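If you want the building blocks of each chain, they are given just below.
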Number of protein chains: 2
Amino acid sequence: MQIIECIPNVSEGRRADVIERLAAAVRAVAGVRLLDYSSDPSHNRSVFTFVGDAAGVKAATLALFEHALAAVDLRTHRGEHPRLGAVDVVPFVPIEGQTMQECVALAREVGAEVAARFNLPVFLYEEASDNPLRKNLEDIRRGEFEGLAAKMAAAEWAPDFGPAVPHPSAGATVIGARMPLIAYNINLNTDRVDVAKKIAAAIRHSSGGLRYVKAAGFMLEDRRLAQVSMNLTNYQKTPIFRVFEMVKREAERYGVSILESEIVGLVPSAALLSAAEYYLQIEGFSAQQILENKLKE
Amino acid sequence: MQIIECIPNVSEGRRADVIERLAAAVRAVAGVRLLDYSSDPSHNRSVFTFVGDAAGVKAATLALFEHALAAVDLRTHRGEHPRLGAVDVVPFVPIEGQTMQECVALAREVGAEVAARFNLPVFLYEEASDNPLRKNLEDIRRGEFEGLAAKMAAAEWAPDFGPAVPHPSAGATVIGARMPLIAYNINLNTDRVDVAKKIAAAIRHSSGGLRYVKAAGFMLEDRRLAQVSMNLTNYQKTPIFRVFEMVKREAERYGVSILESEIVGLVPSAALLSAAEYYLQIEGFSAQQILENKLKE
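Source: prediction; values computed, not measured. (Residues numbered from 1 in each chain as written. Chains lettered and ligands numbered in written order. Predicted model: local features only at pLDDT ≥ 70, side-chain atom pairs only at ≥ 80, totals over all residues.)

**Digging into the overall build of chain A**
Note the cut-off: Secondary structure counts use DSSP, requiring at least four H or I residues in a row for a helix and at least two E residues in a row for a strand, with both numbered from the N terminus. For this measure, only C-alpha atoms enter the radius of gyration; the expected value for a globule follows 2.2 Å times N^0.38, where N is the number of residues. For the exposure call, what matters is how many other C-beta atoms sit within 10 Å of a residue's own: 20 or more marks it buried, 12 or fewer exposed, and in between partly exposed, using C-beta atoms placed from the backbone. Any residue pair is listed as a contact if its two C-beta atoms, each placed from the backbone, are within 7 Å.
The secondary structure content of chain A amounts to 9 helices and 11 strands. Here the C-alpha radius of gyration of chain A, 21 Å, is about what a compact globule of 297 residues would show, namely 19 Å. Counting across all 297 residues of chain A, residues that qualify as buried make up 45%. Intrachain contacts of chain A at a sequence separation of at least 6 include 70% that bridge at least 24 residues.

This is the structure in structure tokens:
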């Protein structure tokens, strides 16, 4: 079975009729399942999550572009969340029976078709881009829609596909491939938020820590607990158990222990199974030994 | 989705044509999948593993009885493995969308039908029996086919279903419901087999240890390593991580550490996910957060 997850972010989070039309367009594609969609009015942005095979998610993505470009005009769009396109970003995520390379190829194929069909500049990002400037979504989006024409005037910001200038109402779009994100929080047995912030600085990639960790320290005011809040951006290369052990060790430095951890939203089973293998020191284990996998064969 | 696993043990492990006929009888039932079957000629015994819903596994079990009873005569059967029936034992195991209570009900329903249709005495065992004498298969099987008539003459060994005397060629059969077994071994960083034997004695139920653990100490001669070899008979009530931690602590008593552990054969994903939850101290986790479960909905 081939399963790719696609999580387009659309710059419309207020008009329920538009959002429902976008959801319906995805649902109408045979073989695609819309797992979830949610809108934030203050961000004025909606996130759609659907799954299917390569042909299915491609068709659903193109349908979403068609409806979003007809309904959203960034010249009058206001919202708290940064954005540079009517369809702001489209990541493809390999879930089952698909390699990252296949998702990269799909992102490029969809990018080329979006550019051609809608006359829209397309930037590739994350795994789909070989350009270090375009690995991070934030770097591409910096300046937003309002600064896009000036940004694209520089040769280094020529799009990967499509015209060299922004689409008048839809701006540009960012399409790529990435691993599933895991939102993972660790609550410390302390109300000292400075400890959480120091641990976050120690473990996150941007300040010298683990390659696929984003982290910040927060205070959970209602519980008087300090929290290390994280995004794990590649659980295969920076596994969750290594992050947990590093946080635990750093906390000990301050005489603090881990109270509990929390996974927010969805997690691929492999991310947790690898933790079981690690702690139980299981050798020679294969995914084919998981009863449920055997049943799926 | 309703998935029950059924693992009948048949007293025939030598005649390939008979074994193939039994496998074909299972395969012929719509909605049932034969996952595996293997035969041991010295045991003169074959183990079939198939899955399906309640109606499917019932039909496949009855088909297996029909063919096995026509082909196997215990009066001339010889083999190393103890046995009391042509179809020796039939456990039903709840895998997905089924409770243990539903598997117990299924075991009783199949037991009653086997007794009526084949005029065969049926003993219920494990979760399907309320009689403490009939919880353990070994207790029911003691005396084997050759001693069965004498055993059944005692009132306490009246069958749960069927005639009060053995079937002339097929003996009796044991039908029940149980949790999935996990075959789990821990290799110690030592060649002292006495340490493995002491640890096995400390952790197994029969000598005062954990309720759902069977264990023995062995020497892996080729690697010069002592091994604690275990069967975990209820991974929900005696979880794998607690067994691992207890072995680790007992080993420390002798200055020994754990080199590695090994899962032999299949394991339900929940058994490993619970270990991840335990070691990562994950609070408030739900199986619905597993991406693969969400996709199955």
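Moving on from the coordinates now.
**Remarks on the relation of the copies chain A and chain B**
The condition is simple: A least-squares superposition brings the copies together, and it is based on the C-alpha atoms of residues with pLDDT no lower than 70 in both.
Its rotation angle being 180°, the transformation that places chain A on chain B also includes 0.0 Å of axial translation and leaves an RMSD of 0.1 Å. On the angle and the small slide along the axis, the relation comes out as a two-fold axis. Closest to the rotation axis within chain A is the C-alpha of Ala276(A), separated from it by 2.4 Å. The overlap is high: 100% of the interface residues of chain A also sit at the interface in chain B, so the same surface is used on both sides.

**Structural notes on the confidence of the model for chain A**
To keep things clear, this is the line we draw: The quantity called pLDDT is the predictor's confidence in a given residue, expressed from 0 to 100.
Taken residue by residue, chain A gives an average pLDDT of 95. The fraction at 70 or more is 100%. Under the prediction, the complex receives an ipTM of 0.81, its pTM being 0.82.

**Side note on the sheet that holds strand β10 (residues 225-232) of chain B**
All names here are of chain B. Under the convention used in this document: Two strands are said to pair when DSSP picks up at least two bridges between them. What counts as an axis is a line fitted to C-alpha atoms, over the stretch in contact for a helix, and the angles between N-to-C directions run from 0 to 180 degrees.
Read across the open sheet, the 4 strands follow the order β9-β10-β8-β11; overall the sheet is antiparallel. The open sheet is flanked by β9 (213-220) and β11 (258-264), the only strands paired with a single partner. Sheet twist, expressed as the average angle between the axes of neighbouring strands with direction ignored, equals 20°. Docked against the sheet, helix α6 (residues 193-203) engages β8 (182-188), β9 and β10, running at close to 180° with respect to β9. Lying on the sheet, helix α7 (residues 240-252) is in contact with β8, β9, β10 and β11; it crosses β8 at an angle near 25°.

**Observations regarding the pairing of strand β7 (residues 173-177) of chain B**
Where burial is concerned, most of β7(B) is hidden: 5 out of the 5 residues are buried. Judged by which residues are buried, β7(B) turns out to be covered on both faces: Thr173(B), Ile175(B) and Ala177(B) on one side and Val174(B) and Gly176(B) on the other are all buried.

**Brief notes about the sheet that holds strand β10 (residues 225-232) of chain A**
Residues and elements named next belong to chain A. Strand order in the open sheet made by the 4 strands is β9-β10-β8-β11, with antiparallel pairing throughout. Each edge of the sheet is formed by a strand with only one pairing partner; in this case those strands are β9 (213-220) and β11 (258-264). With strand direction ignored, the average angle separating the axes of adjacent strands in the sheet is 20°. Strand direction decides the pairing type here: β9 and β10, joined by 8 bridges, are antiparallel. Opposite Val213, over in β10, you have Leu232 as the bridge partner.

**Structural notes on the domain arrangement of chain A**
As a reminder of what qualifies: Throughout, the edges of the domains are those of an automatic or database domain assignment.
Domains assigned within chain A are domain 1 (3-177) and domain 2 (182-265). With centres defined by C-alpha atoms, the gap from domain 1 of chain A to domain 2 of chain A works out at 30 Å.

**Concerning the nonpolar core**
Defined as follows: The term nonpolar core refers to a group of buried residues, namely Ala, Val, Leu, Ile, Met, Phe, Trp, Tyr and Cys, whose C-beta atoms join them within 7 Å.
Ranked by size, the top nonpolar core spans 176 residues in total, and within it Ala107(A), Ile240(A), Ala276(A), Ala107(B) and Ile240(B) carry the most contacts. With residues near it in sequence (within four places) discarded, Ile240(A) still touches Ile182(A), Tyr184(A), Leu232(A), Tyr235(A), Ala271(A), Ala275(A) and Leu280(B).

**What to know about the pairing of strand β3 (residues 33-40) of chain A**
All names here are of chain A. Here β3 runs beside strand β4 (residues 45-52); their pairing, made up of 7 bridges, is antiparallel. Its bridge partner being in β4, Tyr37 is matched across the sheet by Phe48. Between β3 and β4, which follow one another and run antiparallel, lie 4 residues, and Asn44 among them has a positive phi close to 55°.

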